[in-house]
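Summary of structural features
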Amino acid sequence: MTTTEHKPTAAGSGASATESFRRASAQGGAAGVEADRISTVARAVLEGVHAAIRTHQVTYPEFQAAKKWLIEVGEGGEWPLFLDVFVEHVVEEVAARTQQGTKGSILGPYYLPDQQRLPSAATLPMRPDEAGAPLVFAGQVCDTAGDPVAGAELDLWQADEQGYYSGFAPDIPDGNLRGVIVTDDQGRFEVTTVRPAPYQIPTDGPTGTLCVAAGWEPWRPAHLHLLVRAPGHRQITTQLYFQGGEWLDADIAGATKPELVLDPQQQADGRLRAEYDFVLEPAP
Ligand code: MBD
Ligand code: FE
């Protein structure tokens, strides 16, 4: 397969992620925020910045360097990437306080809606020569009473064996390694895919530049992204990681949880198989 001659650029994936976010928020993903909340939270954020400046005696050259960097984040379309990597995990932590069932994790910048619907036993759309270890991912969706949820949707997306996402990198077909799997009458699913690679924050954009300048490793462990939904149930946004995988204990996005780690085993046919069961709580 083709490799490095069409590496995605930070600006390219940033532009796509910004466009995708705008489309999602236009469809109601971003609610109006009340004036008193804006005042309370914006003031607290600013006070946090002021405190950092005082504590660390920030100088004029440092302030100007920060301003230059912030301008670049916007111009590079990297606000979705930056905010999802460094901020979203805390928003998820707050949301999780009222959540039962399967643990959640962050959505991240690379979800795309309206992917191909697939039966309960299916192969994710992939290239004929898709690289990576074949992986069978199987399990069951149940409710908090333990009853199977037939017709539940697993909206699954993942990076390829080079760590790139379709829709955010050139040369990957639209819809590659994305799909909506519908559970059978037992709430079961079995999807064939390939094991994703860890994700590296592009080092040619401002988010990656910050990581390099600060000496932070710009990596996320390999993961599958999932939305799990069914009528009458609260949707779960989560990610599943791989036991023993690189960066599992050093996720730059702080989005791993011990309950969200798969432990794939080699099957007789040589493929990896990982099982995971989801629990959906009733809609609030
Ligand atoms: C990813 O693949 C991701 O899942 C998140 C949360 C942020 C950046 C890239
Ligand atoms: Fe991801």
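In what follows, the structure referred to is the one given above.
This write-up is about the structure you can find in this document. (Residues numbered from 1 in each chain as written. Chains lettered and ligands numbered in written order. Predicted model: local features only at pLDDT ≥ 70, side-chain atom pairs only at ≥ 80, totals over all residues. Heavy atoms only, no water.)

Description of the overall build of the chain
Counting its secondary structure elements, the chain contains six helices and 14 strands. The globule rule puts the C-alpha radius of gyration for 284 residues at 19 Å, and the 20 Å found for the chain is close to it. Principal-axis analysis of the C-alpha atoms places the extent of the chain at approximately 60 × 50 × 35 Å. Looking at the chain residue by residue over its 284 residues, the buried ones come to 43%. Across the chain, every contact between residues at least 6 apart in sequence was considered, and the portion connecting residues at least 24 apart equals 74%. Roughly 15,100 Å² of accessible area belongs to the chain as shown, and the carbon and sulfur atoms make up 55% of that amount. Looking at the chain, you have 21 positive and 38 negative side-chain charges, and the mean spots of the two groups are 5 Å apart. (Helix = DSSP H or I, 4+ residues; strand = E, 2+ residues; numbered from the N terminus. Rg over C-alpha atoms; globule rule 2.2 N^0.38 Å. Buried < 20%, exposed > 50% of the residue type's maximum accessible area, 1.4 Å probe, protein only. Contact = heavy atoms within 4.5 Å. Areas by Shrake-Rupley, 256 points an atom, 1.4 Å probe, with all protein chains shown as cover. Lys, Arg positive; Asp, Glu negative; His and termini not counted. Charge placed at Lys NZ, Arg CZ, Asp CG, Glu CD.)

So, helix H6 (residues 206–214)
Three or more residues of H6 are buried, namely Pro 206, Thr 207, Gly 208 and Cys 211. Packed against the buried residues of H6 are helix H3 (60–75) and helix H4 (79–86). The positive-phi residue at the C-terminal boundary of H6 is Gly 215, with phi of around 80 degrees.

Overview of the coordination of the iron ion (ligand 2)
Ligation of the iron ion (ligand 2) by protein atoms is provided by Tyr 165 (OH), His 223 (NE2) and His 225 (NE2), these donors lying 1.9 to 2.1 Å from the ion. When the donor residues of the iron ion (ligand 2) are listed from N- to C-terminus, their spacing reads Y-x57-H-x1-H. With Tyr 165 in the loop between strand E4 (153–158) and strand E5 (178–182) and His 225 in strand E9 (residues 223–229), this residue pair connects regions lying 60 residues apart in the sequence. (Donors = N, O, S within 2.8 Å, 3.2 Å for Na, K, Ca; no water.)

Focus on the site of ligand 1
Around ligand 1 sit Leu 81, Val 85, Ile 106, Gly 108, Pro 109, Tyr 110, Tyr 165, Tyr 199, Arg 220, His 223 and His 225, and that is every residue in its neighbourhood. Between Tyr 165 and ligand 1, the recorded distance is 2.9 Å, taken from a side-chain N or O atom to an oxygen atom. One of the side-chain N or O atoms of His 225 is found 2.9 Å from an oxygen atom in ligand 1. For ligand 1, whose accessible area on its own is 260 Å², the fraction buried by protein is 100%. Elements with a contribution of two residues or more to the shell around ligand 1: H4 and E9. Among the residues forming the shell around ligand 1, the class breakdown is seven nonpolar, three polar and one charged. (Near = heavy atom within 4 Å. Polar contact = N/O pair within 3.5 Å; in protein donor to acceptor, adjacent residues only side chain to side chain. Nonpolar A, V, L, I, M, F, W, Y, C, P; charged D, E, K, R; others polar.)

Quick look at the sheet that holds E9
Overall, mixed pairing links the six strands, which are arranged E1-E5-E4-E9-E10-E11 in an open sheet. Bordering the open sheet on either side are strand E1 (117–118) and strand E11 (261–262), each of which pairs with just one other strand. Note: E9 against strand E10 (residues 236–242), six bridges, orientation antiparallel. Its bridge partner being in E10, His 223 is matched across the sheet by Tyr 241. (Pairing = 2+ DSSP bridges.)

Details of the nonpolar core
Counting 50 residues, the largest nonpolar core has Phe 137, Val 141, Leu 154 and Phe 278 as its most contacted members. For this core, the secondary structure elements donating two or more residues are H4, strand E3 (134–143), E4, strand E6 (188–194), E9, E10, strand E13 (272–275) and strand E14 (278–280). Sequence-distant contacts of Phe 137, defined by excluding residues within four places in its chain, comprise Leu 154, Phe 189, Glu 190, Val 191, Leu 224, Leu 226, Leu 240, Leu 262, Ala 274, Tyr 276 and Phe 278. (Core = buried A, V, L, I, M, F, W, Y, C linked by side-chain atoms within 4.5 Å.)

Concerning a nonpolar patch on the surface
Taken together, the side chains of Val 41, Val 45, Val 49, Ile 53, Val 58, Tyr 60 and Phe 63 present a nonpolar region at the surface, about 630 Å² in accessible area. Elements with a contribution of two residues or more to the nonpolar patch: helix H2 (35–56) and H3. Among the elements that line the nonpolar patch, the one with the most residues is H2, at four residues. You can see Val 49 is positioned in helix H2. (Patch = residues over 30% accessible without salt bridge, like charges linked within 9 Å, V, L, I, M, F, W, Y side chains within 5 Å. Salt bridge = Lys/Arg side-chain N within 4 Å of Asp/Glu carboxyl O.)

As for the packing of aromatic side chains
By the definition in use, this model includes 15 aromatic pairs. Judged by centre distance (4.7 Å) and plane angle (50 degrees), the ring pair of Tyr 110 and Phe 168 falls under tilted. Residue Tyr 110 is located in the loop between helix H5 (88–96) and E1, and its partner Phe 168 is located in the loop between E4 and E5; the two are separated by 58 residues in the primary sequence. Judged by its relative accessible area of 7%, Tyr 110 falls in the buried class. (Phe/Tyr/Trp six-rings, centres within 6.5 Å; stacked < 30°, edge-to-face > 60°.)

Some words on the side chain of Ser 166
Relative to the helices and strands, Ser 166 is located in the loop between E4 and E5. Overall, the relative accessible area of 2% leaves Ser 166 in the buried class. Within the structure, the side chain of Ser 166 is placed 2.8 Å from the backbone oxygen of Asn 176, a separation counted as a polar contact.

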